[in-house]
Amino acid sequence: MTTAGTGHAEADQDEKGGIRTALAGLTTRGRSFLAAGVAAAVCAYVLGQSDLLRVGLLLAVLPLVCATVLYRTRYRVAGSRRLSPARVPAGSEARVHLRMDNVSRLPTGLLMLQDRVPYVLGPRPRFVLDRVEAGGRREVSYRVRSDLRGRYPLGPLQLRLTDPFGMCELTRSFSTYDNLTVIPRVEPLAPVRLSGEAKGYGDGRQRSLALAGEDDVIPRGYRYGDDLRRVHWRSTARYGELMVRREEQPQRARCTVLLDTRGIAFQGAGPDAAFEWAVAGAASVLVHMLEQGFSVRLLTDTGSAVPGEGGDGFAGASQGSADAAGLMMDTLAVIDHSDGAGLSRAYDVLRGGNEGLLVAFLGDLDEEQAAVVARMRQRGGGGVAFVLDSETWVREPSDVTGPSDGSEERLRMLREAGWTTVGVPRGASLDELWRQADRERRGVAAAGGEGP
């Protein structure tokens, strides 16, 4: 009984709130008709004019009927939004499709649509739709574009309904919204061999066997369809059941991309800042190495690895390359400066095992942090460092005469530690620097008496 009573009271409150909402939506014309109708009815009562009373009632009832019908209609219009695509590189356009469905048995009046978008994506789109027939629908679309990466909410969608007489206007806001992910620009890179090793699945690929026992193999139980030539008879006699040798498992070459996100290592802001170049460079290398068949991971100065699937954090071997690239692109879309002052956390992660090729995008380095980066190279199979002197990025191009003395000293320290280092000038092309790094590696190898 108490529950039913409570529901009744809430229903009465909603009804009263609906009446107030409908009356608040009356336009100037609707309020004028209502006022004229009330005045005519009062004059008709005082003067005893029945014809004038009918006119007054008509004037007063018309806006009230329009408000009531419009209030009930606004909950019988469904709206939806679709992004094409939902993930777009910075500087490219995405199209947003809006769809309105009239699910009632009555046609609607004039509809005005407005979608809420962040200022960085452009002006707020507005559309005017003519009446929608019962069960009909209308579709409109608009374009958005951003030069800044990030994740931007679209919505909620606002719908303004107007009756055919212009007596009332009501606004409805849909609760759902969508996210547009603007990822860094990805630059195609040349298929060079910076690590001096074969590609992930090339002729020089490594094969791993689980090693144990004097037979150098760990057998497993026989399964239907296994080749009988792979039966391991010694293990079969030992365990009393048919055992077969495990197949050789190809192991992908690994690549770790280290992105320096320290706030103190970069200066400036905006799409042309040094930090944005580093983020775009990391994205380009990640996608390129996935396409080359490597298992890759993204590592930051905070020690966090993305994606974190599996114990080693590498992706590409256990999941599709497209899924791995999408996950890391979503991470790079929203990555920001860290509060850290050093790269020791990243070094602690890297010294845990064989990282394969290590590609680092670094900001300003002091002597201590340059020594930390130098030790990272000793743990990997190859190292390429793109070092950005952010001070030269905030100056005017005419004022830049070359890299600073401190930057040259840091590059020299990394080269002595075995890194292939490339200084990144303002506005440089990553593909050109990528080729330059390959030429420098080949030059060092030739000087050491090694083949390219």
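Residues numbered from 1 in each chain as written. Predicted model: local features only at pLDDT ≥ 70, side-chain atom pairs only at ≥ 80, totals over all residues. Heavy atoms only, no water.

- Where an unreviewed UniProt entry is consulted, the protein appears under the name DUF58 domain-containing protein, with the organism given as Streptomyces koelreuteriae.

1. Some remarks on the overall build of the protein
Stage number 1. Across its full length, the protein carries 11 helices and 20 strands.
Stage number 2. With 452 residues in all, the protein has 42% of them scored as buried.
Stage number 3. By sequence separation, contacts in the protein at least 24 residues apart represent 73% of the contacts at least 6 residues apart. (Helix = DSSP H or I, 4+ residues; strand = E, 2+ residues; numbered from the N terminus. Buried < 20%, exposed > 50% of the residue type's maximum accessible area, 1.4 Å probe, protein only. Contact = heavy atoms within 4.5 Å.)

2. Structural notes on the pattern of salt bridges
Stage number 1. Scanning the model with the defined rule gives 14 salt bridges in all.
Stage number 2. In this structure, the salt-bridge partner of Arg-149 is Glu-276, at a minimum N-O distance of 2.8 Å. Residue Arg-149 is found in the loop between strand S6 (137–145) and strand S7 (150–154), and its partner Glu-276 is found in helix H5 (residues 274–291); the two are separated by 127 residues along the sequence.
Stage number 3. Glu-276 sits in the partly exposed class, given a relative accessible area of 21%.
Stage number 4. We note a salt bridge from Asp-438 to Arg-441, for which the minimum N-O separation is 3.9 Å. In this pair, Asp-438 and Arg-441 both sit in helix H11 (residues 430–447), three residues apart, roughly one turn of the helix.
Stage number 5. Residues joined by salt bridges that share partners form a network here, namely Arg-81, Asp-115 and Asp-178. (Salt bridge = Lys/Arg side-chain N within 4 Å of Asp/Glu carboxyl O.)

3. Thoughts on the packing of helix H2 (residues 28–47) against helix H3 (residues 50–73)
Stage number 1. Direction vectors running N to C along H2 and H3 enclose 155°, while the axes themselves pass 7 Å from each other. Relative to H3, H2 is oriented roughly antiparallel. Every pair of crossing elements has a handedness; the one defined by H2 and H3 is left-handed. Residue-level contacts link Gly-30, Phe-33, Leu-34, Ala-36, Gly-37, Val-38, Ala-40, Ala-41, Cys-43 and Ala-44 of H2 to Leu-52, Leu-53, Gly-56, Leu-59, Ala-60, Leu-62, Pro-63 and Leu-64 of H3.
Stage number 2. Split by residue class, the contact of H2 with H3 holds 15 nonpolar, three polar and no charged. (Axes fitted to C-alpha atoms, helices over the stretch in contact; angles between N-to-C directions. Parallel < 35°, antiparallel > 145°, perpendicular 65-115°, else oblique. Left-handed = near helix turned anticlockwise from the far one by under 90°. Nonpolar A, V, L, I, M, F, W, Y, C, P; charged D, E, K, R; others polar.)

4. A closer look at the sheet that holds strand S10 (residues 178–183)
What holds strands together in a sheet is hydrogen bonding between their backbones, with the strands either parallel or antiparallel.
Stage number 1. Pairing is mixed across the open sheet formed by three strands, whose spatial order is S2-S10-S7. Each edge of the sheet is formed by a strand with only one pairing partner; in this case those strands are strand S2 (87–89) and S7. Taken pair by pair, the neighbouring strands of this sheet meet at an average axis angle of 25°, ignoring direction.
Stage number 2. Relative to S10, S7 runs antiparallel, the two sharing five bridges. Bridge pairing links Leu-154 to Asp-178 in S10. (Pairing = 2+ DSSP bridges.)

5. A few points about the UniProt feature "transmembrane region" (unreviewed entry) in the protein
Stage number 1. Following the UniProt record, the feature "transmembrane region" (unreviewed entry) maps to residues 30–47 and 53–71 here.
Stage number 2. A helix fraction of 100% and a strand fraction of 0% characterise residues 30–47, whose end C-alpha atoms lie 25 Å from each other.
Stage number 3. Segment residues 53–71 splits into 100% helix and 0% strand. End C-alpha atoms: 27 Å apart. (UniProt positions renumbered as here; feature names shortened; annotations may be inferred.)

6. Digging into the nonpolar core
In a soluble, globular protein the nonpolar side chains are often hidden away together inside.
Stage number 1. Within the largest apolar cluster, 44 residues are counted, with the highest numbers of intra-cluster contacts made by Leu-259, Leu-332, Phe-361 and Phe-386.
Stage number 2. Of all the secondary structure elements, the ones that give two or more residues to this core are strand S15 (254–259), H5, strand S16 (295–300), helix H6 (321–334), strand S18 (357–362), strand S19 (382–388), strand S20 (420–424) and H11.
Stage number 3. Residue contributions to this core peak at 12 residues, all from H5.
Stage number 4. If sequence neighbours within four positions are ignored, Leu-332 has contacts with Arg-149, Pro-184, Leu-259, Val-279, Ala-282, Ala-283, Leu-286 and Leu-298.
Stage number 5. Formed by 32 residues, the second largest nonpolar core is a distinct cluster that contains Leu-70, Val-77, Tyr-152 and Phe-174. (Core = buried A, V, L, I, M, F, W, Y, C linked by side-chain atoms within 4.5 Å.)

7. Topic: the packing of aromatic side chains
How two aromatic rings sit relative to each other is set out by the distance from centre to centre and by the angle between their planes.
Stage number 1. Summed over all chains, the structure comprises six aromatic pairs.
Stage number 2. Ring centres 6.3 Å apart and planes at 40° place the aromatic pair Phe-127 and Tyr-142 in the tilted group. Highlighted residues: Phe-127 in strand S5 (residues 126–129) and Tyr-142 in strand S6, separated in sequence by 15 residues. With respect to burial, Phe-127 and Tyr-142 carry one shared label: buried.
Stage number 3. Here the aromatic cluster, defined as three or more aromatic residues joined through ring pairs, consists of Trp-277, Phe-361, Phe-386, Trp-393 and Trp-434.
Stage number 4. Here Arg-375 stacks its cationic end above the ring of Tyr-347, 5.2 Å away from the centre of that ring. (Phe/Tyr/Trp six-rings, centres within 6.5 Å; stacked < 30°, edge-to-face > 60°. Lys NZ or Arg CZ within 6 Å of the ring centre and 35° of its normal.)

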